[in-house]
Amino acid sequence: MAKKMLIVESPAKAKTISKYLDGEFIVKSSYGHVRDLEKGNKGIDKENKFQPSYVVSPEKQKVVKELKETARSASEVWLATDEDREGEAISWHLCEVLGLDPQTTKRIVFREITKSAIKSAVKEPRTVDINLVNAQQARRVLDRLVGFELSAVLWRKVKSKLSAGRVQSVAVKLIVEREREIMGFTPTPYFKVQAFFNVLNDQGQAVILKSDLSTKLENIEDAQKFLDQSKGADYTINDIVVKPSKRKPAAPFTTSTLQQEASRKLGFAVRRTMMAAQKLYEQGHITYMRTDSKALSNQAVTSIVNEIGNQFGENYIQVRDYRGKKTKGAQEAHEAIRPTDVANRNISGDGDMERLYDLIWKRAVASQMADAQLEKTTIQIGVSTISDARYEAKGEVVKFDGFLKLYIAGKDDEEEEESGLLPPVKTGQKLDLNYAEAIQRFTKPAARYTEAMLVKRLEELGIGRPSTYAPTITKIMDPVRGYVKKESREGTPRNYQILTLKNDNVSERTETENAGATSKRLYASDIGMIVSDFLEKHFDDIMEYAFTAEVEGQLDEIASGSLEWQNMITEFYGPFHEKVEKTTAEAERAKGRRDLGVDEETGHTILVQMSRYGPVAQIGTREEVGEEGRPKFASLKPGQSMETITLDEVKELFKLPVDLGKYKEEDVIITAGPYGPYIKYAGKSISLAKGEDPLTVEMERAVELIEAKMKEDAPIGQFEGMPITKGKGRFGPFLKWNDWFINIPKRYDPENLTKAEIEELIIAKKTKEANRYITRWPEEKIDLENGRWGPFIRFKKKSVKLPKIDGKRMDQEQAKALSLEEIKKIIEEELPGSFKEKKKKKATAKKKTAAKKKTAAK
């Protein structure tokens, strides 16, 4: 008798589930989504209520073929993808490609991969929930429309290879706003006074009682005056206040709180946390890891309570119900992240899995443990010579540890100080001052985001859902776009003053601290700021936090069946597309330019701006140097920003070029250009390592880079009588042949390419180039090319749009019918003056340059 077929997303999940089905099912994996929207404009039919067009992904063709073959021989096909919108969509797509009816095909759901959960799910199958599918489709269609059209605007108005998105752009905005808040912050100095008294502890041993003055002093004069007035003073305990308090345990983990706590306690990036959690779930160790619910099932609570009683005793049990304490959009049908079997204190797996499981186990168990009972004591100390002065010593004693016996939740506040046990003292007791110290401190700006802090903020604003936090953060930190960087920075040295009162003498000393040092914090880059500003200016509604949160609410409505998804998209798209068209036609190119001063030698402007290759410092604009001249460029150093760099700092960047001498009878010169600093040697440009300071490069290091470049540029073969070389550039490894740069895709090993693979790549490039041009006029420097968004004109190095016909872009055949005169007319309309005589331009440019020099000489 033929077996039933059960399809899940991953091989690991398939392996775990198959153990519990007693041979009744053949369990297969779809390896995630099998279909996606077609690329380009074909993916969504805007004229037909935004009907999506799906295709089987090329890498999934083989998977789909194998699933179809197995389905043909199975008695019945069941689906068991994850219980969220993505999982529901995968099930629906499987129905579509396998020819199954989603209204009758059995679908099972479970929140943990255990024998009991799987057996229970098989007894109660349902069908595909089309409302959840529509919510996922709406998100996918909306994000494609926004991302595709905004990215196209950025490519034209800012820089190529950039992207924008409904959620990612708002996440970048959060970091940009925090960056500007920090940049605009001016630290205010103040003095904090502490007194250290000699007292005896319970054993009669001398110990120090540390106390803080209850008020801060504004400046060193006030601090000096206070300590002078304290000379010869008596210190008396005026009051001792003892207050009972308690601390409650944190709720079990949701996706966001797991990401936050794993970052604080384990140092995990958000993506790393989710990879480990995915493995734990698929191997049956924890419940589903994408959830925004804090609730635990009754069965789980019973198991946890039994475990607490066995390990710690009945007095450590305090059953809690976290339902109702939910965040925006929380789905109470789901459950918090917890161990599937609390009796398993440890699991076997890789290091990340074991550490994350330990965190999840402790958090879930602690959530059902008793409050910690504390006693907080405040000792108030008076100063006889200053009537309104009061020192305070604070301590905290744990009377009953409760959940603290197992788990303490982490905090983002790096300066959280824990107070401990105070020595025995009594009201009216005189204290012996050892010394008092007034230490200069400085106010601090809001802290830069960590990944965990950003996830927390996104959740607070209702932006995104559990499944989107990790991908969003990964995307904004993509080095190709470069919007956000995670860095640890050393800070800058800063002096601070310390005044010390001891034996009625006040002394002063200066010490140095590292101000602004950070560890694994998120920094907004110059390009991130420029893109965020551009989108904020032209698409302010998209960049509103409330709008993004509102969309999430509408997606929730679609998931519940109370909103039709295509109506939601229609209502949004019309006004949005109008803004895209208007911005494309009217907005100026965004460069973030700052003019800082004038170069004394040339009279040219010294500025910083965004170039095609990143942020640069520049001496001379194109207009100032004329067509015959060339501006001077220098790259900004790591940590420097276009918004805060000073004129003097820019001048330092232009200390290049530096002549190091000769190597093999050729000059070795360190210089800089729009791509960054490089070595100029024997007609070659040899880039320095990323972040390497060009002013510190000596001959030995230069020779090392030269030799590496020579080895790299040595031909690795020939094709059609021309040499083939291999290299590594900003976008990865490449081949060079016939002046063409040919990217080496990831599926190839660039270090071990075979002759057949090299020829395959070159032939593919030749074919692509052959299809690139529709018509060429080399003598006019005009080409009609096929582009990402359809045909366009390439005039010299500039791209020119073709006009639309009946509101639609020209296709290849329509473009091919255009004559040279018609093409020139289009160019002239887009770039006025393109075909005037060049001599007049050159003369005008030279006159402007001469005028600048005369002005500078004066």
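About the thresholds
- Residues numbered from 1 in each chain as written.
- Predicted model: local features only at pLDDT ≥ 70, side-chain atom pairs only at ≥ 80, totals over all residues.
- Heavy atoms only, no water.
- Pairing = 2+ DSSP bridges.
- Helix = DSSP H or I, 4+ residues; strand = E, 2+ residues; numbered from the N terminus.
- Axes fitted to C-alpha atoms, helices over the stretch in contact; angles between N-to-C directions.
- Core = buried A, V, L, I, M, F, W, Y, C linked by side-chain atoms within 4.5 Å.
- Buried < 20%, exposed > 50% of the residue type's maximum accessible area, 1.4 Å probe, protein only.
- Contact = heavy atoms within 4.5 Å.
- Parallel < 35°, antiparallel > 145°, perpendicular 65-115°, else oblique.
- Left-handed = near helix turned anticlockwise from the far one by under 90°.
- Nonpolar A, V, L, I, M, F, W, Y, C, P; charged D, E, K, R; others polar.
- Patch = residues over 30% accessible without salt bridge, like charges linked within 9 Å, V, L, I, M, F, W, Y side chains within 5 Å.
- Areas by Shrake-Rupley, 256 points an atom, 1.4 Å probe, with all protein chains shown as cover.
- Salt bridge = Lys/Arg side-chain N within 4 Å of Asp/Glu carboxyl O.
- Lys, Arg positive; Asp, Glu negative; His and termini not counted.
- Charge placed at Lys NZ, Arg CZ, Asp CG, Glu CD.
- Arc of directions from axis to C-beta.
- Polar contact = N/O pair within 3.5 Å; in protein donor to acceptor, adjacent residues only side chain to side chain.

Caption draft 1: How the structure looks around the sheet that holds strand β24 (residues 666–673). Ordered in space as β23-β24-β25-β26, the four strands form an open sheet in which the pairing is antiparallel. With partners counted over all chains shown, the strands left at the sheet margins are β23 (658–663) and β26 (684–687), one partner each. Each adjacent strand pair in this sheet contributes to an overall mean axis angle of 30°, direction not counted. Pairing of strand β25 (residues 676–681) with β26, which is carried by four bridges, proceeds in the antiparallel orientation.

Caption draft 2: Local environment of the nonpolar core. Among the nonpolar cores identified, the biggest contains 153 residues, and F110 and L356 are the most heavily contacted of them. Considering every element that reaches this core, the biggest residue donor is helix α5 (residues 130–157), with 11 residues. In contact with L356, not counting residues within four places along its chain, are L258, A262, L266, T273, A276, A277 and L280. Formed by 27 residues, the second largest nonpolar core is a distinct cluster that contains F191, Y391, L431 and A438.

Caption draft 3: Geometry of the packing of helix α8 (residues 255–266) against helix α12 (residues 451–460). Two numbers describe how α8 lies on α12: the axes approach to 8 Å, and their chain directions differ by 160°. Relative to α12, the element α8 is oriented roughly antiparallel. Two packed elements cross with a definite hand, and for α8 against α12 that hand is left-handed. Contacts between α8 and α12 involve S256, Q259, Q260 and S263 on the former and, on the latter, A452, V455, K456 and E459. Class assignment for the residues of the contact of α8 with α12 results in two nonpolar, four polar and two charged.

Caption draft 4: Molecular detail of a positive patch on the surface. A surface patch of like charges, here positive, comprises R589, K591, R612, R622, R630, K680 and K797. Relative to the assigned elements, K797 resides in the loop between β33 (790–795) and β34 (798–800). We classify K797 as exposed; its relative accessible area is 75%.

Caption draft 5: View of helix α7 (residues 220–230). Among the residues making up α7, those that are buried are A223, F226, L227 and S230. The buried residues of α7 occupy an angular sector of 90° when projected down its axis, which confines them to one face. Residues of α7 that are exposed and point over 90 degrees away from its buried face: E221 and K225. Where α7 begins, one side-chain oxygen reaches toward the backbone nitrogen of E221, 3.2 Å away; that side chain belongs to N219.

Caption draft 6: Local environment of the sheet that holds strand β29 (residues 732–737). Strand order across the open sheet formed by four strands is β27-β28-β29-β30, with antiparallel pairing between neighbours. Two strands in the sheet have a free side with no partner beyond their single neighbour: β27 (717–719) and β30 (740–743). Each neighbouring strand pair of the sheet contributes to a mean axis angle of 40°, computed without reference to strand direction. The pairing of β29 with β30 spans four bridges and is classified as antiparallel. What sits directly across from K736, in β30, is F741. Against the sheet, helix α20 (residues 755–770) makes contact with β27, β28 (722–729), β29 and β30, and its axis sits at roughly 115° relative to β30, the strand it touches most.

Caption draft 7: Quick peek at the environment of K157. The residue K157 is located in helix α5 in this model. Its relative accessible area of 13% is what places K157 among the buried residues. A C-alpha to C-alpha distance of 49 Å links K157 and R363, two positions 206 residues apart in sequence. At 2.8 Å, the side chain of K157 forms a polar contact with the backbone oxygen of A587.

Caption draft 8: Inspection of the packing of helix α10 (residues 298–312) against helix α11 (residues 351–366) at higher detail. Here α10 crosses α11 at 90°, and the two axes come no closer than 9 Å. Taken together, α10 and α11 sit at an angle that is classed as roughly perpendicular. Residue-level contacts link I304, E307, I308 and Q311 of α10 to W361, A364 and V365 of α11. Per-class residue counts for the contact of α10 with α11 are five nonpolar, one polar and one charged.

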